[in-house]
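Observations on the model geometry
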Amino acid sequence: MSARDWLDKDFYAVLGVAKDATPAQLKKAYRALARELHPDTNASPGAEERFKEVSEAYDVLSDATTRAEYDEVRTYAGAGRYAQGGGSGGFSGVNLDDLFGGGGRAGAGSAGFDLGDLLGGYFGGGRPGGAKAARRGGDIDTETTISFDDALQGTTVGVTFASDVTCEACHGTGARPGTGRHRCPGCGGQGQVLHNAGGFAVAETCPTCRGTGEVIEDPCGVCRGAGRVRRSRTVRARLPAGVRNNARIRLRGKGQPGERGAPAGDLFVRVHVRPDPVFRREGDDLCVTVPVRYDEAALGASVEVPLPAGGTVTLRVPEGTQSGRTFRVRGRGVHTASGAGDLLATVEVVVPQRLTGAARRALDDLRAASAMDDPRADLLARNARTRT
Ligand SMILES: [Zn+2]
Ligand SMILES: [Zn+2]
């Protein structure tokens, strides 16, 4: 990262330490936050982002040289911010080239950028307490597990997850009831700070006030000034008929609430479908294995095949059907908004493990009648041809 990013990042605030914190205090604060926010142990939304911020802040502040450079940049920038006064625009007297050592000034009439000039364009002459557009709420990922039948028919489930909600004690203002706000010292009420991106001054959201231009005099005791609190929320989610395992269903506007009236984020529900003891799904087809006796396969038969909606359908197994053959029953698979899949019934010849006297005698007769019919003759002949 470059020094140009430092202008709008308050690493002391990120770590929650004073500007004159000792290296030991920095280390202690960093370790506590890193433990709390580590992605391996903290799955809450935003934790990973915060973890990165904290790591970045510590990287800069733990090195005495970079910390000194950072402090210097911030002091320049701070001087510029406070110089404007009264909330009217103009960061007069601060030159980005001075701040970042970007080429220096060749005297009067140089091409150096003056923040005061640039700000006139960005802020339209300055808006007291001017604030950027409120930020849309974040998206939330959650998951649910449903039965095979519910996936086929569609269902409505309640999904419960942790989410930020507006703090009721302060109605989202973050201020202790009866107390007010005052102008943000980080941006002088502009809600934005500047940094230099390749010779252009780019306005970014003030990290101190998050763009509101104001800070809280006395923070709300319930939400500690955030205006939002973490709560368990339950949302009813409609899952369409035919929803697939691992599908990700989007519920618009059911995510985190937006800041100051901005739209809420979206809720994404990952759907897990429990396997079924009878049917297996392949796309929109349903597969079922149907046992048949040897005589049914050899002579042909009508066999009952189970249906996913309950009941059965009669399947005509023709004479001479081989074990493993699959029959397609059209339109009896998964029904979705875009159509219906098929039911694929695979017959499997089962061999009886115990035989009654009459069946055994009949099979003995069959063996005698089939003695000349060797099912392996072709296999052995093929092998002989191949190996010699
Ligand atoms: Zn509150
Ligand atoms: Zn600010």
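The text that follows walks through the structure, step by step, so that each part is easy to find. (Residues numbered from 1 in each chain as written. Chains lettered and ligands numbered in written order. Predicted model: local features only at pLDDT ≥ 70, side-chain atom pairs only at ≥ 80, totals over all residues. Heavy atoms only, no water.)

Pairing between the strands of a sheet is mediated by backbone hydrogen bonds and can be parallel or antiparallel. In spatial order, the strands read E10-E11-E17-E14; together these 4 strands make up an open sheet with mixed pairing. Looking at the sheet topology across the chains shown, the edges are occupied by strand E10 (280–282) and strand E14 (326–329). In this sheet, neighbouring strand axes are inclined to one another by 35 degrees on average, regardless of whether the strands run parallel or antiparallel. The pairing of E10 with strand E11 (residues 285–293) spans 3 bridges and is antiparallel. Counted as the bridge partner of Arg281 is Leu286 from E11. (Pairing = 2+ DSSP bridges. Helix = DSSP H or I, 4+ residues; strand = E, 2+ residues; numbered from the N terminus. Axes fitted to C-alpha atoms, helices over the stretch in contact; angles between N-to-C directions.)

Around the zinc ion (ligand 1), the protein contributes the donor atoms Cys167 (SG), Cys170 (SG), Cys220 (SG) and Cys223 (SG), at 2.3 to 2.4 Å from the metal centre. Each of the 4 donor atoms bound to the zinc ion (ligand 1) contributes to angles spanning 104 to 116 degrees, and the resulting shape is tetrahedral. The sequence pattern describing where the donors of the zinc ion (ligand 1) fall on their chain is C-x2-C-x49-C-x2-C. You can see Cys170 sitting in the loop between strand E2 (155–166) and strand E3 (181–183) and its partner Cys223 sitting in the loop between strand E6 (214–216) and strand E7 (228–239), a full 53 residues away along the chain. Just as Cys170 is buried, Cys223 falls in that class too. (Donors = N, O, S within 2.8 Å, 3.2 Å for Na, K, Ca; no water. Tetrahedral: all angles 85-135°; square planar, octahedral: opposite > 155°, others 65-115°. Buried < 20%, exposed > 50% of the residue type's maximum accessible area, 1.4 Å probe, protein only.)

Turning to the coordination of the zinc ion (ligand 2), a few remarks are in order. Bound to the zinc ion (ligand 2) on the protein side are Cys184 (SG), Cys187 (SG), Cys206 (SG) and Cys209 (SG), at distances that span 2.2 to 2.3 Å. Around the zinc ion (ligand 2), the 4 donor atoms sit at angles spanning 105 to 113 degrees, and that spread fits a shape best called tetrahedral. For Cys209, a relative accessible area of 6% translates into the label buried.

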